[in-house]
Amino acid sequence: MKRDKIIKFLRNIFPFVTVIILWRLSASFWNPGGILAIIPIFYCSFVRPVPWFVPFAILFCFLTDYKLNTLVYWTALYCIFYAAYGFQNFFDLTHNEKNALYIFMMFFGAALLILTLVGFSVSNLMRATWLFAWTSALYVPITAVIKQVYYDR
């Protein structure tokens, strides 16, 4: 009985802990500013919503902005996308294949494109290309782990 409660608690906090871990594991090449935390933030907010996750996601978008020195770029982008997704009924991300990988790629790619065009240089373009490819490649494994632990009980 007590063991089941502990397992249920660990499963419930798993999406939150995943964001914290990915944000803390920042490295200049592999995870600059903890940007990989955007993956579970996107997935747990839009594709498979987790209760009480939106305020947490906004906080960690703000913390990612702080680490990346982008003011409130990721926070504003998240809030705009959240508002736009809430007012539309054309896209249904909850029943999309590959955990809505292509929608995430459009969201993340557009964000990186804007950041690259603001401070355009060949170095920034190559860095953005690498980051887009790396984040898109890690999207499916990270979301599969979240789906397995949190949703498939």
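For the structure, see preceding data.
(A) Main features of the overall build of the protein. Counting its secondary structure elements, the protein contains 6 helices and 0 strands. The C-alpha radius of gyration computed for the protein amounts to 16 Å, which stays within 12% of the reference 15 Å derived for 153 residues, consistent with globular compactness. Dimensions of the protein along its principal axes, counting C-alpha atoms only, are 60 × 35 × 25 Å. Within the protein, the fraction of its 153 residues that count as buried is 37%. Summed over its atoms, the accessible surface of the protein is roughly 9100 Å², and 72% of this surface lies on carbon and sulfur atoms. Averaging the positions of the 12 positive and the 5 negative side-chain charges in the protein gives two centres separated by 10 Å.

(B) Focus on the nonpolar core. Judged by nonpolar contacts, the single largest core of 40 residues is most densely connected at Phe42, Phe53 and Tyr139. Counting residues per element, the ones that place at least two in this core are helix H1 (2–24), helix H2 (38–47), helix H3 (53–68), helix H4 (73–87), helix H5 (101–118) and helix H6 (122–151). A total of 8 residues in this core trace back to one element, the largest contributor, which is H2. Once you skip the residues sitting within four places of it in the chain, Tyr139 turns out to touch Ile39, Phe42, Tyr43, Val47, Lys98, Asn99, Ala100, Leu101 and Phe104.

(C) The arrangement of H1 in detail. Taking 1.5 Å as the rise per residue, H1 with 23 residues should run 33 Å; its terminal C-alpha atoms sit 31 Å apart, in good agreement. Inspection of H1 places Pro15, Phe16, Thr18, Val19, Leu22 and Trp23 among the buried residues, and these make up the whole buried set.

(D) Broad picture of the packing of aromatic side chains. With the rule as written, the count across this model stands at 27 aromatic pairs. Consider the rings of Tyr78 and Tyr82, whose centres lie 6.0 Å apart with planes at 25°: the pair is stacked. Within this pair, Tyr78 and its partner Tyr82 are both found in helix H4, separated by 4 residues, close to a single helical turn. Taken together, Phe42, Phe46, Tyr73, Trp74, Tyr78, Phe81, Tyr82, Tyr85, Phe104, Phe107, Phe108 and Tyr139 form an aromatic cluster joined through their ring pairs.

(E) Fine view of the side chain of Ser136. With respect to the helices, strands and loops of the structure, Ser136 is situated in helix H6. Among all residues touching Ser136, those that are not within four sequence positions of it are Leu101 and Met105.

(F) Geometry of H4. Spanning 15 residues, H4 covers 21 Å between terminal C-alpha atoms, matching the ideal 21 Å at 1.5 Å per step. Along H4, the residues classified as buried are Tyr73, Trp74, Thr75, Leu77 and Tyr78. On its buried side, H4 packs onto H2, H3 and H5.

(G) Region of the structure containing the state of the cysteines. Applying the stated criterion to the full structure yields 0 disulfides. The thiol sulfur of Cys44 is not disulfide-bonded, and the nearest other cysteine sulfur, from Cys61, lies at 12 Å. With relative accessibility at 1%, the residue Cys44 sits in the buried group. Left unpaired, Cys79 is separated from the closest cysteine sulfur, that of Cys61, by 7.4 Å.

(H) Region of the structure containing the packing of H2 against H4. Across the interface, H2 lies against H4 with an axial gap of 12 Å and an inter-helix angle of 20°. By the angle between their axes, H2 is roughly parallel relative to H4. Of the two possible hands of crossing, H2 and H4 adopt the one that is right-handed. Taken together, the residues of H4 that come into contact with H2 (itself represented by Ile38, Ile41, Phe42, Ser45 and Phe46) are Trp74, Tyr78, Phe81, Tyr82 and Tyr85. Classifying every residue of the contact of H2 with H4 by side-chain character gives 9 nonpolar, 1 polar and no charged.

Thresholds, definitions, all that
- Residues numbered from 1 in each chain as written.
- Predicted model: local features only at pLDDT ≥ 70, side-chain atom pairs only at ≥ 80, totals over all residues.
- Heavy atoms only, no water.
- Helix = DSSP H or I, 4+ residues; strand = E, 2+ residues; numbered from the N terminus.
- Rg over C-alpha atoms; globule rule 2.2 N^0.38 Å.
- Buried < 20%, exposed > 50% of the residue type's maximum accessible area, 1.4 Å probe, protein only.
- Areas by Shrake-Rupley, 256 points an atom, 1.4 Å probe, with all protein chains shown as cover.
- Lys, Arg positive; Asp, Glu negative; His and termini not counted.
- Charge placed at Lys NZ, Arg CZ, Asp CG, Glu CD.
- Core = buried A, V, L, I, M, F, W, Y, C linked by side-chain atoms within 4.5 Å.
- Contact = heavy atoms within 4.5 Å.
- Expected span 1.5 Å × (residues − 1).
- Phe/Tyr/Trp six-rings, centres within 6.5 Å; stacked < 30°, edge-to-face > 60°.
- Disulfide = S-S within 2.5 Å.
- Axes fitted to C-alpha atoms, helices over the stretch in contact; angles between N-to-C directions.
- Parallel < 35°, antiparallel > 145°, perpendicular 65-115°, else oblique.
- Left-handed = near helix turned anticlockwise from the far one by under 90°.
- Nonpolar A, V, L, I, M, F, W, Y, C, P; charged D, E, K, R; others polar.

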